[in-house]
Amino acid sequence: MKKRMFNKFTTLIQHAVDSFVPNLTLQEEFIHHWNAVTHYFVDNKEERRRIEETTIPGHIEQMVLILVQEEREQLEVGTTGPCLEYLLQHRLLETLYTLGRTDHPPGMKQVILIFFTKLLSRLDHPLLPHINVHRAVQRLVKICGEVRAGPTEKEEIEYLCTVCSKIKADPYLVNFFIESGKPVKNSSHVNTSGIPKSQDFSLVNALLTLSSSNDARVCVKACEGIMLCVSLPEQSAADCLVRHTKFCDNLITRLCDLYDKLPSFVSPSDIESVDAKWGLDAVVTVKEDQQTFKGKWQLTSFLAWLDYCDQLIAVSHPTVAAALATTITEKLLLNKIKKDLLQVSEAGVLMATAYFTKCLRIVYSPPLLIEFSHFLLGTDKEVEMLNDEQPTIRKRLLERCDHLSDEVSVVTMRLFETLLQKEEESIFHNLILRNLLGRSYITLDTIKKNDKEVNRNSLQKDDASSCEGKTEVLSVTDTQDLTQKSPIKTGVCLNNLKVERDGEKMESDIGELSGEKTADENVQDDVLRQTVSDETVKLQVVHKEMELKIIEKTETEKLLDSIVNDDSPDREIESGNGTGTDTPKSYPRAEVHKIVTSFLSLLPEEAKSSYQTADSGYDMYLKDAHKQFSNVEQMCKPWNWPSEPVVDKDFSTEPFWEGSFVKMLLDKLSRTLNQSYPVNLLVTSLISRVAILPHPNIQEYLLDPFIPMDPKTRTLHNVLKKISAEVLVYMKTESDFQNKLGTARKNLMGAAETVKSLRLKPMTPPSPGFDDQGQLEAIIVLEEFCKELSAITFVKYHAAVTRT
């Protein structure tokens, strides 16, 4: 305190003395302050006073203020004033660097760092291109981080970040900070003379040192500076970072060290609850660590640093990003996580899988995400055959989905669920698509028949266009005469009468479904409604015949029927407007209602319990499916998936095999009545995530039970029918089945409206009730799953017919 008071007092005296000096020009005043600094070292060689006890800080501060004032008073922008010219010509910055390097008097380094920081940040004039500037700046950079936990860490990181921001504004300046060193052996970087030389990127080296500071603020700022350096577009800087520095090794070694410190025993739910992001928010206090679970600080530190590495890869130059991702694979995934995932200890497997799932949730950068997916699933792109040798980790994970321990099965399926949420096409190709692209699940005759139907539909469309506009309203007599003369064209015109009756109802139902749509989609629906009111379009005769056959329906089926019937004209509007879009082969118009109803009617009415509580209506699934499909469709849009089912002979199999992942899902689903409640929730969640993917082959294989399949092909609908038969047998052996089912439903669902809500709740088994509580819960989950599949089917059809 006394030293600060003395410093202020001496500064005040200095200002008082300066006030009696005659008016000087800015240059004269600048030279005066500089001479005051240099004279101190000449006159006080033996003194050991600290910098605060001298007038040096005040003089150096005045020099910066004079330079800023001079620049503001310049009439021409970009010109060099006399004060700045004096600084450059007399190499003042190099002299100041020398004074700061010696740190004499004590504290001089701190003052010099502040001066350089203010000079670079406050002046708009481009200083770094001057050799007398960037040489001194580079030398000062090298002394930053020399002393661990030094008293000047704060000033050092401010200075380094200022230099980084200047380089970011003009990336070419980075070449001034890359220095060539001595020739080295075994170097891949060769100069023009043919002698390999090492290079030094002192700016990044200093930032790496400060990134290990115990001061969290200094650490975060150092990481931000590194992020600016790796994002530079200069190839020379990227090559230097990868080939001539230990940048990648330092970052990933730190990541591996944090992984080694993870606690050995933590509940998977506790791991899932940790929300760690890189930055100051990732700091966990000792008290918080003790109040939650032991090891939270270590887990948070590891996840936060992984998140930083992922962000770093996302913004890095492609060369740096590839090198970082490869280093993570070699040092972390292959050397550490692989052996943990393949161990035989059940407790160890549980922890390793939970940790890796959490890591996978954090990763979003494409290069690192590809490395993670290849690590888990391998790099095979060819069709998967039944007897093929699978990658070790992939094979082991699929086996553990059917583990004797439900806890291991659940945590492994959580890993696959996380995989299916990632924006990486190779994941879906590896797990699902490569065995469906050959379309071997249906017979060749079916494909030819579909092609003929497309041609016939195009002819009928031409007939409809000729009929359109000729007859606006037909009387009963005219209709009968027209029917006798031209049955084909009459069918088209008769269907036009249906739209006039149903158009108003269709508009209201589409409006309900589109409640969460974007502005563009709402405009599209408005156009559809206007078209319905202005134009008359055909409806298929077969659709009306289906209405006559259906006499009794539940309330849910009536709601669905109104939506499907009223939405069918949309299909004709799109075709009639000349868009050239044919009906998707996987969803013929006449079959949509049957497909949706087939899923709703899989379970017998006696096995349904939702009507007892009225808490799981079909409309809730429509809204969820519509929102989820919109997100998934947006995610898959860059992959340019086809709109029609494709047949790729390179992926054909004889006989058809669905692939090990889909096989695992169908096997697990077939054992629904004998599995625990958490397992059934996860199995249905995985299948719904696969079914909602906007690929026509997936849509056709999983969601269209009316396409003639190969007799040996196992489909989702066939498996559900088999389970339904098992439910019927079970119902006959149980007394008072419906009352027990209703009670179990009330206890299980609670306030949840859909099975999706149940999946979002903590995965804890419900309280025990009846002796057959597990079977009752499985039937309830199965009923909700059928509703979910029906909603997905309809939403995907609705999206297909409204797409323009």
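Source: prediction; values computed, not measured.

Draft legend 1. Highlighting the overall build of the chain. Counting its regular elements, the chain contains 37 helices and 2 strands. Counting only residues that meet the buried cut, the chain has 52% of its 804 residues in that class. Accessible surface, the chain: about 38700 Å² in total, of which carbon and sulfur atoms supply 52%.

Draft legend 2. Structural context of the pattern of salt bridges. Inspection of the entire model under this criterion finds 25 salt bridges. With a closest N to O distance of 3.4 Å, Glu-146 and Arg-101 form a salt bridge. You can see Glu-146 sitting in the loop between helix H7 (131–142) and helix H8 (153–169) and its partner Arg-101 sitting in helix H5 (residues 92–102), a full 45 residues away along the chain. Note on Glu-146: relative accessible area 45%, which makes it partly exposed. A salt bridge links Arg-714 to Glu-658; the shortest N-O distance between them is 3.2 Å. On the criterion of sequence distance, the pair formed by Arg-714 in the loop between helix H33 (696–703) and helix H34 (716–733) and Glu-658 in the loop between helix H30 (618–636) and helix H31 (660–670) is long-range, its members being 56 residues apart. In this structure Arg-714 comes out as partly exposed when scored by relative accessible area, which is 25%. Here Glu-658 falls in the buried class, since its relative accessible area comes to 7%. Several salt bridges share partner residues, and in doing so they unite Glu-658, Lys-663, Asp-667 and Arg-714 into one network.

Draft legend 3. Representation of the nonpolar core. Tyr-159, Phe-247 and Ile-432 are the most contacted members of the largest nonpolar core, which has 213 residues in total. The element that contributes the greatest number of residues to this core is helix H37 (residues 773–802), accounting for 14 residues. Dropping the residues within four chain positions of it, Ile-432 is found in contact with Leu-420, Phe-661, Val-662, Val-690, Leu-693 and Ile-698.

Draft legend 4. Layout of the packing of helix H11 (residues 235–244) against helix H16 (residues 318–341). Interaxial distance between H11 and H16 falls to 8 Å at its minimum, and their mutual angle equals 20°. In terms of orientation, H11 and H16 fall into the roughly parallel class. For the crossing formed where H11 meets H16, the hand is left-handed. Taking contact as the criterion, the partners of Gln-235, Ala-238, Asp-239, Leu-241 and Val-242 in H11 are, on H16, Thr-319, Val-320 and Ala-323. Residue composition of the contact of H11 with H16, grouped by class: 5 nonpolar, 2 polar and 1 charged.

Draft legend 5. Inspection of the side chain of Glu-94 at higher detail. Relative to the elements of secondary structure, Glu-94 occurs in helix H5. At 3.4 Å, the side chain of Glu-94 and the side chain of Arg-135 are in polar contact. Those residues in contact with Glu-94 that sit more than four places away from it in its chain are Asn-132, Arg-135, Ala-136 and Arg-139.

Draft legend 6. Molecular detail of unusual backbone geometry. Omega for the bond connecting His-104 with Pro-105 falls within 30 degrees of zero, at -5°, which places this linkage in the cis form. Turning to its location among the elements, Pro-105 is positioned in the loop between H5 and helix H6 (108–122). The peptide bond linking Glu-654 to Pro-655 adopts the cis configuration, its omega dihedral lying at 0°. Looking at the element boundaries, Pro-655 is found in the loop between H30 and H31. Phi angles above zero are rare outside glycine, and Arg-439 is one such case at about 55°. Looking at where Arg-439 falls in the secondary structure, it is placed in the loop between helix H21 (425–431) and helix H22 (444–467).

Draft legend 7. Main features of the packing of aromatic side chains. Inspection of the entire model under this criterion finds 18 aromatic pairs. With 5.4 Å between their ring centres and 50° between their planes, Tyr-441 and Tyr-701 make a pair best called tilted. With Tyr-441 in the loop between H21 and H22 and Tyr-701 in helix H33, this pair connects stretches of sequence that are 260 residues apart. Across the pair, exposure class does not vary: Tyr-441 and Tyr-701 are buried alike. Cation over ring: Arg-254 sits above Trp-305, and NZ or CZ is 3.8 Å from the ring centre. A cation over an aromatic ring shows up here: Lys-594 above the ring of Phe-706, its NZ or CZ 4.9 Å from the ring centre.

Draft legend 8. How the structure looks around a negative patch on the surface. A contiguous patch of negative charge, built from Asp-380, Glu-382, Asp-388 and Glu-389, is present on the exposed surface. Inspection of the secondary structure puts Asp-380 in the loop between helix H18 (366–377) and helix H19 (392–400). Given the relative accessible area of 35%, Asp-380 is considered partly exposed.

Draft legend 9. Structural context of the confidence of the model for the chain. In the predicted model, the chain carries a mean pLDDT of 79, and 71% of its residues have values of at least 70. Within the chain, the lowest mean pLDDT, 35, falls on helix H24 (residues 487–513), and the highest, 97, falls on H18. In this model, residues 187–195 is a region of pLDDT below 50 whose contacts with residues beyond four sequence positions or in other chains number 13 contacts. Here residues 464–590 is modelled with pLDDT under 50, and outside its nearest four sequence neighbours on either side it reaches 165 contacts, counting other chains as well.

Draft legend 10. Layout of H34. With 18 residues, H34 should cover 26 Å at 1.5 Å per step; its first-to-last C-alpha distance of 26 Å lies within 8% of that length. If you check which residues of H34 are buried, you get Leu-716, His-717, Val-719, Leu-720, Ile-723, Ser-724, Val-727, Tyr-730 and Met-731. Burial along H34 is one-sided: seen end-on, the buried residues are contained in an arc of 150°. Of the residues in H34, the exposed ones pointing more than 90 degrees away from the buried face are Val-729, Lys-732 and Thr-733.

Draft legend 11. Spatial organisation of the packing of helix H2 (residues 26–43) against helix H4 (residues 82–89). The geometry of H2 relative to H4 is characterised by a closest axis approach of 8 Å and an angle of 40° between their N-to-C directions. Residues Leu-26, Gln-27, Phe-30, Ile-31 and Trp-34 of H2 touch H4, and the partners they reach there are Pro-82, Cys-83, Tyr-86 and Leu-87. In terms of residue class, the contact of H2 with H4 is built from 8 nonpolar, 1 polar and no charged.

Draft legend 12. Geometry of the environment of Gln-110. Its place among the elements puts Gln-110 in helix H6. Overall, the relative accessible area of 25% leaves Gln-110 in the partly exposed class. The spacing of Gln-110 and Lys-154 is 44 residues in sequence and 9.2 Å in space, taken between C-alpha atoms. Sequence-distant contacts of Gln-110, defined by excluding residues within four places in its chain, comprise Thr-152 and Glu-155.

Rules used throughout
Residues numbered from 1 in each chain as written. Predicted model: local features only at pLDDT ≥ 70, side-chain atom pairs only at ≥ 80, totals over all residues. Heavy atoms only, no water. Helix = DSSP H or I, 4+ residues; strand = E, 2+ residues; numbered from the N terminus. Buried < 20%, exposed > 50% of the residue type's maximum accessible area, 1.4 Å probe, protein only. Areas by Shrake-Rupley, 256 points an atom, 1.4 Å probe, with all protein chains shown as cover. Salt bridge = Lys/Arg side-chain N within 4 Å of Asp/Glu carboxyl O. Core = buried A, V, L, I, M, F, W, Y, C linked by side-chain atoms within 4.5 Å. Contact = heavy atoms within 4.5 Å. Axes fitted to C-alpha atoms, helices over the stretch in contact; angles between N-to-C directions. Parallel < 35°, antiparallel > 145°, perpendicular 65-115°, else oblique. Left-handed = near helix turned anticlockwise from the far one by under 90°. Nonpolar A, V, L, I, M, F, W, Y, C, P; charged D, E, K, R; others polar. Polar contact = N/O pair within 3.5 Å; in protein donor to acceptor, adjacent residues only side chain to side chain. Phe/Tyr/Trp six-rings, centres within 6.5 Å; stacked < 30°, edge-to-face > 60°. Lys NZ or Arg CZ within 6 Å of the ring centre and 35° of its normal. Patch = residues over 30% accessible without salt bridge, like charges linked within 9 Å, V, L, I, M, F, W, Y side chains within 5 Å. Lys, Arg positive; Asp, Glu negative; His and termini not counted. Charge placed at Lys NZ, Arg CZ, Asp CG, Glu CD. pLDDT = per-residue confidence, 0-100. Expected span 1.5 Å × (residues − 1). Arc of directions from axis to C-beta.

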